[in-house]
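# A closer look at the structure
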Amino acid sequence: MNPAIKLALDRLEDTVHLGRHLGLFARPGDIFTLSGDLGAGKTTLTQAIGQGLAVPAGCYITSPTFSLLHEYPGRMPMYHMDLYRLGSMEEVEELGFEDYMYGQGLTVIEWPDRLENLMPADRLDINLVLISEYSRLARLTAWGGMQPRLPSLLREL
Amino acid sequence: MIILGIESSCDETAAAVMENDERLLANVVNSQIDLHAKYGGVVPELASRKHLEDIFPVVDQALQEARITLDQVDGLAITQGPGLIGSLLVGLSFAKALALVKKIPYVGVDHMAGHLLSVFLGKTKPDFPFVALIASGGHSSIFLVTDYFHYTLLGRTRDDAAGEAFDKVAKILGLPYPGGPAISELAKNGDPDSINFPRSWLEPDSLDFSFSGIKTSVANYVKQNLRRAPQADEKNPSSVTANICASFQEAVVDVLATKTMKACRKLAATNVVLAGGVAANPRLREVFAKMAAREGFKVSMPPTQFCTDNAAMIALAGFHAFRQGAAGHSDMDAYSRSPLTELA
């Protein structure tokens, strides 16, 4: 099993700091998955990733739960998908989400467990755990081509 | 002019027949709530398949209720967006085919424009210009509406929509989908002042909303105060779940209503409108009316049946579009995000 790197995010600012650095770290074609309960901070983290990617400030990063996929302009396109309302990988397939995942932007996937066999081999998994009002624990796990790049991210944090 | 309106943007397949903007001859809404309830939300693939099954019988029923045939229809109005693309395409393709075969003119209608004009389906109609709050599962936006065609976006959500917050809090509390009615029902037995959930006002001048934080606060509160998962069948008036529902609802309602009144003052508007699915919430209607009365504003809200998605509002918006000379074309496509809710 691939070991997870744990990061204590004691304050809201720590979550924002992590997100910005993830945004700066991202390269075209990267995939980040975001897991954690409702209220764990996935929206906040994605908004901070957007800041790191230079998504214009007037372009609000809102929840994609209702519309499933939002696309944002930035240093590279950011595709923000939320699979919360989907039942299975067949639905992900039918919606053509793989075309985005293997495109030229950064793909941020919330509720990635719905991907099942479509889970990409090269990716960074980010799991957020709600500890208390502002405090979170982040677990980062790099897979495939993302593994050798993880140390450079950690050095920047 | 007889307009047939068709709406299929989310989980309702709907058709309505209107004569001009005055007489509603038929209004059929076939909801898919039961189908989606077990998934805790709308499943898009299920939604488009169900629309495909339902659209013909729903349109047929609307024509029968209106006691007309397709040959008497002068124009088709069809929701073009925003919504789930797969669902929208079912309605749009159906309307295009019908228009082609029967040689009926058609127009695409923005679902948000439908909500903004839905108030004209009720008895109390506002005067232009008016400020309108559209709160639903996908949107929480404040607009200035200067006439039937001009809408200026004043504020919008920066994260979750109000209806989405209701759905997600319901999920945290183990309540059924859709979350709005379930929370509103339980809230009747709770004390709205029992828990001080944070109201997100953002910057002093901002007319934007943020409902992601309150969802987090509820999740935190549940984690700290409820040892076991709350039960959906708890009806005990003093139950913690009822207090959470009442306090959460109060916080959301307070922010929605206060910001809308603020928008009115800022733009010197004296007419204010509440619409969208969340406008069916009785507590929001009550607080909205009270605040508006205090400010001396004239308040108009569509009857609840026209707050949730329906095709009457699409037919009505379509009528005005036809009057303006709008015409659909065969390569007209569906869109998932409304240009009305993006800042120019």
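That block above? That's the structure.
Fair warning: this is a prediction, and the values are worked out from it, not measured in the lab.

## Some thoughts on the overall build of chain B
A count of helical and extended segments in chain B gives 10 helices and 10 strands. Relative to the compact-globule value of 20 Å for 344 residues, chain B shows a C-alpha radius of gyration of 20 Å, a close match. Counting only C-alpha atoms and orienting by the principal axes, one finds that chain B spans roughly 60 × 45 × 35 Å. Across the 344 residues that make up chain B, the buried fraction comes to 59%. In chain B, once contacts between residues fewer than 6 apart in sequence are set aside, the share between residues at least 24 apart is 73%. Accessible surface computed for chain B: about 13700 Å², of which carbon and sulfur atoms make up 52%.

## Section: the side chain of His-139 of chain B
Mapped onto the secondary structure, His-139 of chain B falls in the loop between strand E6 (130–135) and strand E7 (140–145). Among the residues examined, His-139 of chain B registers a relative accessible area of 15% and is labelled buried.

## Examining the sheet that holds E7 of chain B
Residue and element names in this part refer to chain B. Strands sit in the order E8-E7-E6-E9-E10 across an open sheet of five strands; the sheet is mixed. Only two strands of the sheet have a single neighbouring strand rather than two, namely strand E8 (151–156) and strand E10 (298–300). Averaged over neighbouring strand pairs, the angle between their axes works out to 20 degrees when direction is ignored. Bridging between E6 and strand E9 (residues 271–275) involves four bridges; their strand directions are parallel. Directly across from Ala-132, in E9, lies its bridge partner Val-273.

## Describing the environment of Tyr-106 of chain B
Residues and elements named next belong to chain B. Its location among the elements puts Tyr-106 in strand E5 (residues 106–110). Exposure remark for Tyr-106: the relative accessible area of 13% places this residue in the buried category. Once the C-alpha coordinates of Tyr-106 and Asp-74 are considered, the two residues, 32 residues apart in sequence, prove to be 8.9 Å apart. Once you skip the residues sitting within four places of it in the chain, Tyr-106 turns out to touch Leu-76, Lys-96, Ala-99, Phe-322, Ala-327, Gly-328, His-329, Ser-330 and Met-332. One polar contact links the side chain of Tyr-106 to the main-chain amide nitrogen of Ser-330, over a distance of 3.2 Å.

## Looking at the packing of aromatic side chains
Residue and element names in this part refer to chain B. Counted under the stated rule, the structure contains 11 aromatic pairs over all chains. Taken together, a centroid distance of 5.6 Å and an interplanar angle of 20 degrees make the contact between Phe-128 and Phe-130 stacked. Relative accessible area serves as the criterion here: at 29%, Phe-128 is assigned to the partly exposed category. Residue class for Phe-130 comes out buried when judged on its relative accessible area of 0%. Centre to centre, the rings of Phe-197 and Tyr-221 are 5.8 Å apart; their planes meet at 80 degrees, and the pair counts as edge-to-face.

## Re helix H1 (residues 12–25) of chain A
Residue and element names in this part refer to chain A. If you check H1, its first and last C-alpha atoms are 20 Å apart, about what 14 residues at 1.5 Å a residue would give, namely 20 Å. If you check which residues of H1 are buried, you get Asp-14, Thr-15, Val-16, Leu-18, Gly-19, His-21, Leu-22, Gly-23 and Phe-25. Packing partners of the buried residues in H1 comprise strand E1 (5–9), strand E2 (31–35), helix H2 (42–52), strand E6 (123–130), strand E7 (136–143) and helix H5 (150–156).

## Brief notes about unusual backbone geometry
Residue Pro-82 of chain B follows Gly-81 of chain B across a cis peptide bond; omega there is -5 degrees. Checked against the element boundaries, Pro-82 of chain B lands in the loop between strand E4 (75–81) and helix H3 (85–102). Following Phe-128 of chain B, the chain continues to Pro-129 of chain B via a peptide bond in cis, the omega torsion being -10 degrees. Note that Pro-129 of chain B resides in the loop between helix H4 (111–117) and E6. Even without a glycine there, the phi angle at Glu-116 of chain A is positive, about 45 degrees. Note that Glu-116 of chain A resides in the loop between strand E5 (106–110) and E6. Phi angles above zero are rare outside glycine, and Leu-202 of chain B is one such case at about 60 degrees. Take Leu-202 of chain B: it is sitting in the loop between helix H6 (179–187) and helix H7 (212–225).

## Some details on the environment of Met-313 of chain B
Residues and elements named next belong to chain B. Mapped onto the fold, Met-313 is located in helix H10 (residues 312–323). Met-313 gets classed as buried once you look at its relative accessible area, which sits at 0%. For the pair formed by Met-313 and His-115, sequence separation is 198 residues and the distance between their alpha carbons is 6.6 Å. Residues contacting Met-313, with those up to four places away along its chain left out, are His-111, Gly-114, His-115, Ser-118, Leu-121 and Phe-306.

## Observations regarding the sheet that holds strand E3 (residues 69–72) of chain A
Residues and elements named next belong to chain A. Taken in spatial order, the seven strands make up an open sheet running E1-E7-E6-E2-E5-E4-E3, and their pairing is mixed. Strands at the two margins of the open sheet, each flanked by one partner only, are E1 and E3. On average, each strand axis in the sheet is inclined to that of its neighbour by 20 degrees, with strand direction left out of account. Strand direction decides the pairing type here: E2 and E6, joined by four bridges, are parallel. By the bridge assignment for E6, Leu-34 is matched with Ile-126. Packed onto the sheet, H2 meets E2, strand E4 (78–82), E5 and E6 and runs at close to 155 degrees relative to E2.

## Digging into the pattern of salt bridges
Residues and elements named next belong to chain B. The tally for this structure, following the rule as stated, stands at 18 salt bridges over all chains. Residue Asp-71 pairs with Lys-102 through a salt bridge whose shortest N-O separation is 3.3 Å. Taken together, the residues span a long stretch of sequence, with Asp-71 in the loop between helix H2 (44–65) and E4 and Lys-102 in helix H3 at a distance of 31 residues. Among the salt bridges present, the one from Arg-158 reaches Glu-203, with a minimum N-O distance of 2.8 Å. Of this pair, Arg-158 sits in the loop between E8 and helix H5 (162–172) while Glu-203 sits in the loop between H6 and H7, and the two are 45 residues apart along the sequence. Taken together, the shared-partner salt bridges in this structure form one network comprising Glu-250, Arg-283, Glu-286 and Lys-290.

Rules used throughout
- Residues numbered from 1 in each chain as written.
- Chains lettered and ligands numbered in written order.
- Predicted model: local features only at pLDDT ≥ 70, side-chain atom pairs only at ≥ 80, totals over all residues.
- Heavy atoms only, no water.
- Helix = DSSP H or I, 4+ residues; strand = E, 2+ residues; numbered from the N terminus.
- Rg over C-alpha atoms; globule rule 2.2 N^0.38 Å.
- Buried < 20%, exposed > 50% of the residue type's maximum accessible area, 1.4 Å probe, protein only.
- Contact = heavy atoms within 4.5 Å.
- Areas by Shrake-Rupley, 256 points an atom, 1.4 Å probe, with all protein chains shown as cover.
- Pairing = 2+ DSSP bridges.
- Axes fitted to C-alpha atoms, helices over the stretch in contact; angles between N-to-C directions.
- Polar contact = N/O pair within 3.5 Å; in protein donor to acceptor, adjacent residues only side chain to side chain.
- Phe/Tyr/Trp six-rings, centres within 6.5 Å; stacked < 30°, edge-to-face > 60°.
- Expected span 1.5 Å × (residues − 1).
- Salt bridge = Lys/Arg side-chain N within 4 Å of Asp/Glu carboxyl O.

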